[in-house]
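Now for the letters of each chain:
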Amino acid sequence: MTGIAGRRIAGHLADQLYRQSYLMLAGTAVSASTGLVFWVLAAHLAAPDTVGLGAGLVASVSFLSYLTSLALPYGMLRYARTATHVAGLINAALCCSAVTSVLAAVVFAAGSARWAPKLHGFLDGGADIALFAVAGTGTALGLLVDNALAARRHGGVALARNAIAGVGKLVLLPFLVHLGPIGVYLSMTLPMAASTAAAVAVLPRLVPGYSFRDLRPSPDVFALFGFSLRNFPAALASGAPTFLLPVIVVSLLDARENAFFYVAWSVGQVAQLVPSVVANMALSEGATEGAVRSAARAERFVLALLVPACAVGGLMAGPLLRCFVVAAVPWAVVLVSQSRLRLEGRYREVTALTLSFCLLSLGLVLVLVRLLGLPGTGLGWLAAATLTALVVYARRPSRRGAAPPTITP
């Protein structure tokens, strides 16, 4: 029996959809866990206002990276393994992301006195802006490099990069915390930038024929940018609730309720990273095995992971946290469906799907919080995810009548 079980496990791990998903999930877990330890340590080493302003700078970097992504991470997953001129494709994406990140950092810093006055004092000098640009570029390029590595089936290197960044921020914090908020945010972001640079440096060893000097335009590059830009509206709509929901809740609840919400919301977001990672790997593997097959396998896989975990977590958690944790199950159906639509070139449908969830989740939370208070946040989010998943199932063609899978740029 042991031999049979071992062969089954080996066969399971040999499947690249599962293997790369596990590696990327491990990297995500390392990043999340070291991030949690980082903020706990920061709270012990620095005053609350120092930690709060440092967190504001980190959040600004993350928000700018989200706004300027141009959905290139999705394009990297889709094309980095199948492209004929993969070096030119990767370099074009990295250069574009670096330019947009630097421009976003400069524009944000120039107007910080207006839209982020509490952070303006940390972004009003040339050196401050340069460091802010480095932090933003490292964050943006890190995601691109991780997705390129995953698409090339080197998820272990992405895991190592996240581990190095995680350990680095914990090591730097005690040395830089005396600099105040800027020391806190640099401790978080500089190791990420350094680990990204290290990962880029080893690309020639991991990608056959890769050269940093290869910047020639090719059909692969045009396909990458065409695919990414068509998916950009959906990418913005998909991330909007994550950034906007806490802002809405803060304006509607008191400080004590906000504390309960933020803890539950943060834990729930960790649970929802699981379907996000698996859906991304379905996008990558679907580029070669077909959209329908990869989506079906990814959905079965992620539900097998989530349903038992969410059932246990739901029983142990309080009502609010239970809603956010359980919502990861229908959300997995939605995310995998988005990957299938992207592979099939159904860009309007994926945009409509993500925009509908965005408006539905924010709208339901807004209404239910006014009616029920704090519990309305979890109920609204769970209801939005469930209703959107039901729409996905209702619109899914039957296997008998389904059209052959198509993959278009």
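Structure: see above.
Predicted model, so just to flag it, every value in this text is computed and none were measured.

Visitor: I would appreciate a short explanation of the overall build of the chain in the present structure.
Guide: Across its full length, the chain carries 17 helices and zero strands. Relative to its length of 409 residues, the chain is compact, with a C-alpha radius of gyration of 21 Å against a globular reference of 22 Å. Buried residues in the chain amount to 51% of all 409 residues. Put simply, of all contacts in the chain between residues at least 6 apart along the chain, 80% involve residues at least 24 apart. Here the chain has roughly 18,400 Å² of accessible surface; of this, 70% comes from carbon and sulfur atoms.

Visitor: When you look at the packing of aromatic side chains in this model, what are you seeing that I'm missing?
Guide: We describe a pair of aromatic rings using the distance from one ring centre to the other and the angle between the two ring planes. This structure, assessed with the given rule, holds 18 aromatic pairs. Between the aromatic rings of Tyr 210 and Phe 212, the centroid separation amounts to 5.3 Å while the plane-to-plane angle is 90 degrees, which identifies the pairing as edge-to-face. Since its relative accessible area comes to 43%, Phe 212 is described here as partly exposed. Through a chain of ring-to-ring contacts, the aromatic side chains of Phe 261, Trp 265, Phe 324, Trp 331, Phe 357 and Trp 381 assemble into a single cluster. Between Arg 297 and the ring centre of Tyr 18, over which it is positioned, the NZ or CZ distance is 5.4 Å.

Visitor: Looking at this structure, how should I read the nonpolar core?
Guide: As a rule of thumb, soluble globular proteins bury nonpolar side chains together. Counting 90 residues, the largest nonpolar core has Met 76, Ile 90, Leu 94 and Leu 245 as the members making the most contacts within it. In terms of residue count, the dominant contributor to this core is helix α12 (residues 255-289) (ten residues). Setting aside chain neighbours within four positions, we find Leu 245 in contact with Phe 261, Trp 265, Leu 362, Val 365 and Trp 381. Formed by 26 residues, the second largest nonpolar core is a distinct cluster that contains Ala 42, Leu 119, Phe 132 and Leu 186.

Visitor: What is the right way to read unusual backbone geometry from this model?
Guide: Most peptide bonds are trans, and most residues other than glycine sit at a negative phi. For Leu 70, which is not glycine, the phi torsion reads 60 degrees and is therefore positive. Considering the arrangement of structural elements, one finds Leu 70 in the loop between α3 (48-67) and α4 (72-79). With phi around 60 degrees, Ala 71 is a residue other than glycine that occupies positive phi space. Secondary-structure assignment places Ala 71 in the loop between α3 and α4. You can call Ala 71 buried: its relative accessible area is 1%.

Visitor: Could you clarify how one ought to interpret the pattern of salt bridges in this entry?
Guide: Any two side chains of opposite charge can pair if their charged atoms end up close together. For the coordinates displayed, the defined rule picks out eleven salt bridges. Of the charged contacts in the structure, one is a salt bridge between Arg 346 and Glu 349, with a shortest N-O distance of 2.9 Å. Given the relative accessible area of 28%, Arg 346 is considered partly exposed. On the basis of relative accessibility, which here comes to 31%, the residue Glu 349 falls in the partly exposed class.

Visitor: When you look at the environment of Arg 205 in this model, what are you seeing that I'm missing?
Guide: Mapped onto the elements of the fold, Arg 205 is located in helix α10 (residues 203-206). Between the C-alpha atom of Arg 205 and that of Gly 268, which follows or precedes it by 63 residues, the distance is 38 Å.

Visitor: Please clarify how a nonpolar patch on the surface should be interpreted in this entry.
Guide: A contiguous nonpolar patch, built from Ile 9, Leu 13, Tyr 22 and Leu 305 and spanning about 310 Å² of accessible area, is present on the exposed surface. By relative accessible area, which is 33% here, Leu 13 ends up partly exposed.

Visitor: Teacher, can you tell me more about helix α2 (residues 16-45) here?
Guide: The α-helix winds at 3.6 residues per turn, so residues separated by three or four positions along the chain end up facing the same way. Helix length check: α2, at 30 residues, gives a terminal C-alpha distance of 43 Å against a target of 44 Å (1.5 Å per residue), a fit within 8%. Those residues of α2 lying buried are Leu 17, Tyr 18, Gln 20, Ser 21, Met 24, Leu 25, Gly 27, Thr 34, Gly 35, Phe 38 and Ala 42. At the N-terminal end of α2, a side-chain oxygen is found 3.0 Å from the backbone nitrogen of Leu 17, two or three residues along, and the residue is Asp 15.

Visitor: Help me understand the packing of α3 against helix α9 (residues 181-201) in this model?
Guide: In helix packing, the relevant descriptors are the interaxial angle and the interaxial distance, both defined with respect to the helix axes. Close contact between α3 and α9 brings their axes to 7 Å; oriented N to C, the two are set at 45 degrees. Relative to α9, the element α3 lies oblique. As α3 packs across α9, the resulting crossing turns out to be right-handed. Residues Thr 50, Leu 53, Gly 54, Leu 57, Val 58 and Val 61 of α3 form the contact with α9, whose own contacting residues are Pro 181, Ile 182, Val 184, Tyr 185 and Met 188. Classifying every residue of the contact of α3 with α9 by side-chain character gives nine nonpolar, two polar and no charged.

Visitor: What is the right way to read the state of the cysteines from this model?
Guide: What makes a disulfide is a covalent bond joining the sulfur atoms belonging to two cysteines. All chains considered together, the criterion is met by zero disulfides. A disulfide-free cysteine, Cys 310 has its sulfur positioned 12 Å from the sulfur of Cys 323, the nearest such atom. Taking the relative accessible area as the measure of exposure, Cys 323 reaches 12% and is therefore buried.

Visitor: Would you take a moment to explain the environment of Val 325 for this structure?
Guide: As for its placement among the helices and strands, Val 325 is situated in helix α14 (residues 319-326). Val 325 gets classed as buried once you look at its relative accessible area, which sits at 10%. Sequence separation of Val 325 and Val 200 is 125 residues, and the distance between their C-alpha atoms is 35 Å.

Visitor: Got a minute to help me understand α3 in this structure?
Guide: With 20 residues, α3 should cover 28 Å at 1.5 Å per step; its first-to-last C-alpha distance of 28 Å lies within 8% of that length. Among the residues of α3, those classed as buried are Thr 50, Val 51, Gly 54, Leu 57, Val 58, Ser 60, Val 61, Leu 64, Ser 65 and Tyr 66. Here the buried face of α3 lies against α2, α5 (86-110), α7 (126-151), α9 and α11 (219-252).

Visitor: Can you walk me through the packing of helix α15 (residues 328-343) against helix α17 (residues 375-395) in this structure?
Guide: Remark: α15 packs on α17, axes separated minimally by 8 Å, with the N-to-C direction vectors making an angle of 45 degrees. Our classification of the angle between α15 and α17 gives oblique. Crossing handedness for the pair α15 and α17: left-handed. Across from Pro 330, Trp 331, Val 333, Val 334 and Ser 337 in α15, the residues of α17 making contact are Ala 385, Thr 386, Thr 388, Ala 389, Val 392 and Tyr 393.

The rules behind the values
Residues numbered from 1 in each chain as written. Predicted model: local features only at pLDDT ≥ 70, side-chain atom pairs only at ≥ 80, totals over all residues. Heavy atoms only, no water. Helix = DSSP H or I, 4+ residues; strand = E, 2+ residues; numbered from the N terminus. Rg over C-alpha atoms; globule rule 2.2 N^0.38 Å. Buried < 20%, exposed > 50% of the residue type's maximum accessible area, 1.4 Å probe, protein only. Contact = heavy atoms within 4.5 Å. Areas by Shrake-Rupley, 256 points an atom, 1.4 Å probe, with all protein chains shown as cover. Phe/Tyr/Trp six-rings, centres within 6.5 Å; stacked < 30°, edge-to-face > 60°. Lys NZ or Arg CZ within 6 Å of the ring centre and 35° of its normal. Core = buried A, V, L, I, M, F, W, Y, C linked by side-chain atoms within 4.5 Å. Salt bridge = Lys/Arg side-chain N within 4 Å of Asp/Glu carboxyl O. Patch = residues over 30% accessible without salt bridge, like charges linked within 9 Å, V, L, I, M, F, W, Y side chains within 5 Å. Expected span 1.5 Å × (residues − 1). Polar contact = N/O pair within 3.5 Å; in protein donor to acceptor, adjacent residues only side chain to side chain. Axes fitted to C-alpha atoms, helices over the stretch in contact; angles between N-to-C directions. Parallel < 35°, antiparallel > 145°, perpendicular 65-115°, else oblique. Left-handed = near helix turned anticlockwise from the far one by under 90°. Nonpolar A, V, L, I, M, F, W, Y, C, P; charged D, E, K, R; others polar. Disulfide = S-S within 2.5 Å.

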